Amino acid sequence: CNERKNTMVGLLTIVHTKAGKKQQANTDQREQPIPLDQELTRVFLNGMASNGTDKLWVSDFSAKKIYELNVADLAAPTSSIVVANTTSTPNGLTYDAANNRLVMVSWGANASIKAIDLSTYTLSVITTTNLGNCDGVDHDSYGNYYVSSWSPNAITKFSNDFTTSSTVTVAG
């Protein structure tokens, strides 16, 4: 289960394998399910990103899908599938506001890093790496991206255009 503090609406959002949950931060209010597309079975909800105001995106590791959750109305949040087939196993996600896209890392050997255009929901490959089993991705205020991987067991820094990379840290 992944957790991410959703500060835009004071929620702690938790992704379980079968449904998203929301809980008011700093209160005793119990978690409430966020409805996802009920026609499909979600097998392994995993990576999560937020735009900081009203949208959450969640990767489905097993079904190779990306869901978008609109939480503008917390009493009636909505969800939809925005990428029905990521063609690789999606794992980590991060929201890139400057380019109106999600950046997604994939599980597997020579894992690709992909972009999802949030205007069209078009999926494209940014780069293919020599990393294996990428698990998470985030970026800093300078536009650099950081990818965690299991092979090597490290965090790799990529330039804002993904043309250069360097190992930031190695476990051990």
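Residues numbered from 1 in each chain as written. Predicted model: local features only at pLDDT ≥ 70, side-chain atom pairs only at ≥ 80, totals over all residues. Heavy atoms only, no water.

A word on the pairing of strand 16 (residues 165-170)
Right, so step 1: Across 5 bridges, the pairing between strand 15 (residues 153-158) and strand 16 is antiparallel. Bridge pairing links Thr156 to Thr167 in strand 16. (Pairing = 2+ DSSP bridges. Helix = DSSP H or I, 4+ residues; strand = E, 2+ residues; numbered from the N terminus.)

Remarks on unusual backbone geometry
Right, so step 1: Along the chain, Ser151 connects to Pro152 via a cis peptide bond; the corresponding omega equals 0°.
Right, so step 2: Its location among the elements puts Pro152 in the loop between strand 14 (145-151) and strand 15.
Right, so step 3: Not every positive phi belongs to a glycine, and Asn100 is a case in point at roughly 45°.
Right, so step 4: Relative to the helices and strands, Asn100 is located in the loop between strand 9 (89-96) and strand 10 (101-107).
Right, so step 5: Despite not being glycine, Asn110 shows a phi value in the positive range, around 45°.
Right, so step 6: Its place among the elements puts Asn110 in the loop between strand 10 and strand 11 (112-117).

Considering the side chain of Thr89
Right, so step 1: One can find Thr89 in strand 9.
Right, so step 2: Sequence-distant contacts of Thr89, defined by excluding residues within four places in its chain, comprise Phe61, Lys64, Val105, Ser106 and Trp107. (Contact = heavy atoms within 4.5 Å.)

Here's the deal with the packing of aromatic side chains
Right, so step 1: For the structure on display, the rule yields 5 aromatic pairs.
Right, so step 2: Seen from their ring centres, Phe158 and Phe162 are 5.6 Å apart, and the 40° between their planes marks the pair as tilted.
Right, so step 3: With relative accessibility at 7%, the residue Phe162 sits in the buried group. (Phe/Tyr/Trp six-rings, centres within 6.5 Å; stacked < 30°, edge-to-face > 60°. Buried < 20%, exposed > 50% of the residue type's maximum accessible area, 1.4 Å probe, protein only.)

Focus on the sheet that holds strand 8 (residues 78-83)
Right, so step 1: On the basis of which strands lie adjacent, the open sheet formed by 4 strands has the order 5-6-7-8 and antiparallel pairing. Of all strands in the sheet, those with a lone pairing partner are strand 5 (45-50) and strand 8, marking the two edges. Averaged over all adjacent pairs, the angle separating strand axes in this sheet is 25°, with direction ignored. (Axes fitted to C-alpha atoms, helices over the stretch in contact; angles between N-to-C directions.)

Digging into the sheet that holds strand 10
Right, so step 1: An order of 9-10-11-12 is seen for the 4 strands of this open sheet, with the pairing classed as antiparallel. Looking at the sheet topology across the chains shown, the edges are occupied by strand 9 and strand 12 (123-128). Averaged over all neighbouring strand pairs, the angle between strand axes comes to 30°, with direction disregarded.
Right, so step 2: Where strand 11 and strand 12 come together, 5 bridges link them in antiparallel fashion. Bridge pairing in strand 12 places Ile113 opposite Thr127.

A look at the confidence of the model for the chain
Right, so step 1: In this model, the chain carries a mean pLDDT of 82, and residues with pLDDT of at least 70 account for 74%.
Right, so step 2: This model gives residues 1-12 a pLDDT under 50, and the stretch forms 48 contacts once residues within four places in sequence are excluded.
Right, so step 3: Contacts from residues 15-25, a stretch scored under 50 in pLDDT, to residues over four places away or in other chains number 57 contacts. (pLDDT = per-residue confidence, 0-100.)

Concerning the pairing of strand 15
Right, so step 1: Side chains Ala154, Thr156 and Phe158 project from strand 15 onto a buried face, and the interleaved Asn153, Ile155 and Lys157 project onto a face without burial.
Right, so step 2: When strand 14 meets strand 15, the two strands line up antiparallel, connected through 6 bridges. Bridging from a neighbouring strand, Trp150 pairs with Asn153 of strand 15.
Right, so step 3: Taking the residues between adjacent antiparallel strands as the criterion, strand 14 and strand 15 are bridged by 1 residue.
Right, so step 4: The turn joining strand 15 and strand 16, which pair antiparallel and follow one another in sequence, is formed by 6 residues; a positive phi near 65° is taken by Phe162.

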